[in-house]
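A closer look at the structure
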Amino acid sequence: MTILVTGATGKVGRNVVAQLLDTGRPVRAISRSPQRAGLPEDVEVLHADFARPESLHTALREVEKVFLFPSATGLRDFTAAASHAEVRHIVLLSSTVPGYDKPNPISEAHLAHERDVQDSGLPWTFVRPGGFMSNDLNWAATIKTQGVVRDPFGDAGVALIDERDIAAVAVTALIDDAHIGRTHEITGPHALTAIERIRILGQAIGRRLRFERQSSAEFTEQVTNEGYPAQYAEAVLEFGAYFDGRSGPVYPAVEHITGRPPHTYADWAAHHAPYFR
Ligand SMILES: NC(=O)c1ccc[n+]([C@@H]2O[C@H](COP(=O)([O-])OP(=O)(O)OC[C@H]3O[C@@H](n4cnc5c(N)ncnc54)[C@H](OP(=O)(O)O)[C@@H]3O)[C@@H](O)[C@H]2O)c1
């Protein structure tokens, strides 16, 4: 039976697809633009949209397991369709900010997704990564043009995680029923500040980079110009301020679950160096 990957063209989903193919299992992916998905030939790519429930029924036909992307449109239509199909395990991409328990709109949205999946009555696993290393791709434009990174917090130590490791945990859960009913909080291997990450990125591209502190107002303007709600900027500023001058926790879960240590930031920087040159 097939494994369905939603969010398959995203940073995590592409890695889930690639790692599932390596196990030899049949993989189906959905995208709103299948012709532009750019996924490997062995993957069956179907058109589907979380916002269009009728498109989900075909996508779920003969599907046994699902990697579920936390769509901003909500997951109730998807879980309703999945409960009428033959799905017997959903692995949900969720979220946490390790060491930060204050509710905010981002964590509330992810908890609502988890509740929707639980309410469906289908067996589930929740994968809760902290911040992604790929968030630092937002620095690429000013690194390329000016050799500078502007960020409100230079000294907030966070153990960002490589999206390949998030995918590896999800794939392990998809192929091993022992993960049913479990919530996995995962981080990268080291808590690093922005200033430390900028130094590592500079080494990866062979260029000396500078850090400049950005005001909260400039950050909010930048984030809203990129199309995110102001509430999102507020939440990021709040937990950035909380961690400024301290280090968030590092969890050993990736290695425990996958049997391999997580990628370091230097690994990630070397892999993504072309984006910063
Ligand atoms: N960034 C972080 O630090 C962080 C930390 C923890 C959790 N998260 C969560 O991780 C998620 C982002 O993951 P990512 O970076 O892998 O995603 P991404 O690169 O932004 O890709 C988004 C994916 O979602 C699919 N998608 C979006 N809307 C859709 C819809 N209406 N119907 C069907 N597919 C839809 C897109 O597919 P098509 O465009 O092909 O249709 C695409 O594959 C967010 O929900 C975020 O909250 C992020």
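Here, residues in each chain are numbered from 1, in the same order as that chain's written sequence. Totals for whole chains, interfaces and linings use every residue, but because this is a predicted model, local features are given only for residues with pLDDT of at least 70 and side-chain atom pairs only at 80 or more, for both listing and counting. Based on all heavy atoms of the structure, the side-chain values leave hydrogens and waters out of the count.

Per an unreviewed UniProt entry, the recorded name for the chain is NAD(P)H-binding protein, and the organism is Actinomadura vinacea.

1. Re the site of the ligand
Taken together, 22 residues lie near the ligand, and Thr 9, Ser 31, Arg 32, His 110 and Asn 135 sit nearest. For this analysis, a polar contact is any N or O atom pair within 3.5 Å, provided that within protein one partner can donate a hydrogen and the other can accept it, and provided that sequence-adjacent residues contribute only side-chain to side-chain pairs. Within the backbone of Phe 50, a nitrogen or oxygen atom sits 2.9 Å from a nitrogen atom of the ligand. Of the residues in the shell around the ligand, the class split is 9 nonpolar, 10 polar and 3 charged. Proximity criterion: a residue is near a molecule or strand once any of its heavy atoms comes within 4 Å of it. Residue type decides the class: Asp, Glu, Lys and Arg count as charged, Ala, Val, Leu, Ile, Met, Phe, Trp, Tyr, Cys and Pro as nonpolar, and the leftover types, Gly among them, as polar.

2. Points about the pattern of salt bridges
Side chains carrying opposite charge are able to pair once their charged atoms draw close together. We define a salt bridge as a side-chain nitrogen of Lys or Arg found within 4 Å of a carboxyl oxygen belonging to Asp or Glu. Across all of its chains, the model carries 14 salt bridges by this definition. Ionic pairing is found between Asp 177 and Lys 65, a salt bridge with its closest N-O pair at 2.9 Å. Taken together, the residues span a long stretch of sequence, with Asp 177 in the loop between α6 (163-175) and β8 (183-186) and Lys 65 in strand β4 (residues 63-68) at a distance of 112 residues. Residue class for Lys 65 comes out buried when judged on its relative accessible area of 6%. Its salt-bridge partner being Asp 162, residue Arg 164 comes within 2.7 Å of it at the nearest N-O pair. In this pair, the class of Arg 164 matches that of Asp 162, namely buried. Through salt bridges with shared partners, a single network forms among Glu 64, Lys 65, Arg 88 and Asp 177. We count a stretch as a helix when DSSP gives it H or I for four or more residues in a row; a strand needs E for two or more, and each element gets its number in order from the N terminus. Note on exposure labels: buried denotes an accessible area under 20% of the residue type's maximum, exposed denotes more than 50%, and partly exposed covers the range between, all computed with a 1.4 Å probe on protein chains only.

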